[in-house]
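Summary of the model geometry
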Amino acid sequence: MTALDQDNQPLQGERLQRHIERALAVKTIPHNRDVQIAWQMVQRLFRPVVRGVDNIPPQPCLFVGNHSLFALDGLVVATVMQQQYGRFLRPLGDKFLFTHPALEKLLLERGAAMGHPAVCSALMAHGHDLLVFPGGAHEAVKPSRQRYQLQWKERYGFIRMAAEHGYTIMPFGIVGPDEFYSHLIESEDLPESLPGRVLRRLGLLTDDTRADALPPLPLGALGTLLPKPQRCYLGFGQPVNLARFSKRKPGKVQQQKIRDQVAGEIEDQLRQLLLLREQQRREDSLLRRILTF
């Protein structure tokens, strides 16, 4: 079994409880060398522009936004919010990321945790800021023709969790990470491609592999696997306070309305940020233009 197999359930029973305990034990990201390197990388490579930060309320929030390949958007958002605004966002990731204990330990130390209802509930009960991409792996590996389009399907779990704990949902849009990589081969075409056939022979791609988590074949800066230094634009919409539902569960129609409201805020931010980026294109250096071609 590989990490991307459909039946992969890395954290269950006692291991899930230990995961929750270890996640709760992390109060803030340590100010070590790795964190400072990540911050310097985000500043110099992606030169983030942040708008709407005044919309963020002081109480703990569930930050919800659009997702991109390799979850580098989560690194940008979490790092900017920690270093510039003192908010420690806890990213909730796909279960396959926590298959190997060493990777699980590394992610936990940096604030991430598995996107499991029990994990989310425990972190909310202790008042943590959370970072969630409802489109998950499916949205992260979407084809390039669907850049900056939400791929949420019929997912309402984040709405139910926020409502149960009376949390405020903080919608945001981020522009830039969807273009960190070109797609040499789209994820939907990979299984039948030459690289896909090689992966099958190696046993890394099987009939049990999750199609929603299969990444495209990426091409970064100058044909490498390094991300292109696209400037990042991060915008926060209007918060959606669900405190009124802390003692009563919202019905399906209410959940749909809340989800549509959150999605609308994100899509509005994406439109504004894409326009802002076009207006500021001339500010990019010649080198940046070459590396992001």
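Now for a description of the structure that goes with this document. (Residues numbered from 1 in each chain as written. Predicted model: local features only at pLDDT ≥ 70, side-chain atom pairs only at ≥ 80, totals over all residues. Heavy atoms only, no water.)

**Some thoughts on the pattern of salt bridges**
- Applying the stated rule across the entire model yields 14 salt bridges.
- Residues Asp94 and Arg210 are paired through a salt bridge, measuring 2.9 Å at the closest nitrogen-oxygen approach. Here Arg210 lies in the loop between α8 (194–201) and β8 (217–219) and Asp94 lies in the loop between β3 (89–93) and α4 (101–109), a separation of 116 residues in the sequence.
- Here Arg231 and Glu283 are joined by a salt bridge, their closest N and O atoms 3.3 Å apart. Taken together, the positions of Arg231 in the loop between β8 and β9 (233–236) and Glu283 in the loop between α9 (252–279) and α10 (286–291) put the pair 52 residues apart, joining distant regions of the chain.
- It is possible to trace a salt-bridge network through shared partners that takes in Arg15, Arg22 and Glu104. (Salt bridge = Lys/Arg side-chain N within 4 Å of Asp/Glu carboxyl O. Helix = DSSP H or I, 4+ residues; strand = E, 2+ residues; numbered from the N terminus.)

**A closer look at the packing of aromatic side chains**
- Inspection of every chain in the model, using the stated rule, returns 6 aromatic pairs.
- Taking 4.4 Å as the distance between ring centres and 20° as the angle between the ring planes, the aromatic pair formed by Phe46 and Phe180 counts as stacked. Here Phe46 is found in helix α2 (residues 33–46), whereas its partner Phe180 is found in the loop between β6 (168–175) and β7 (182–185), with 134 residues between them in sequence.
- Classification of Phe180 as buried rests on a relative accessible area of 0%.
- Between Phe172 and Phe236, the aromatic rings sit 6.1 Å apart at their centres with planes inclined by 55°, giving tilted as the arrangement. A residue pair is termed long-range when its members are at least 10 positions apart, and Phe172 in strand β6 and Phe236 in strand β9 qualify at 64 residues. (Phe/Tyr/Trp six-rings, centres within 6.5 Å; stacked < 30°, edge-to-face > 60°. Buried < 20%, exposed > 50% of the residue type's maximum accessible area, 1.4 Å probe, protein only.)

**Side note on α2**
- Compared with an ideal rise of 1.5 Å per residue, which puts 14 residues at 20 Å, α2 spans 19 Å between its outermost C-alpha atoms and is within 8% of the ideal.
- The complete set of buried residues in α2 reads Val35, Ala38, Trp39, Val42 and Phe46. All buried residues of α2 lie within an arc of 100° about the axis, which places them on one face of the element. Opposite the buried face of α2, by more than 90 degrees, sit the exposed residues Arg33 and Arg44.
- Following α2 by one or two positions, Arg47 adopts a phi angle in the positive range, close to 40°. (Expected span 1.5 Å × (residues − 1). Arc of directions from axis to C-beta.)

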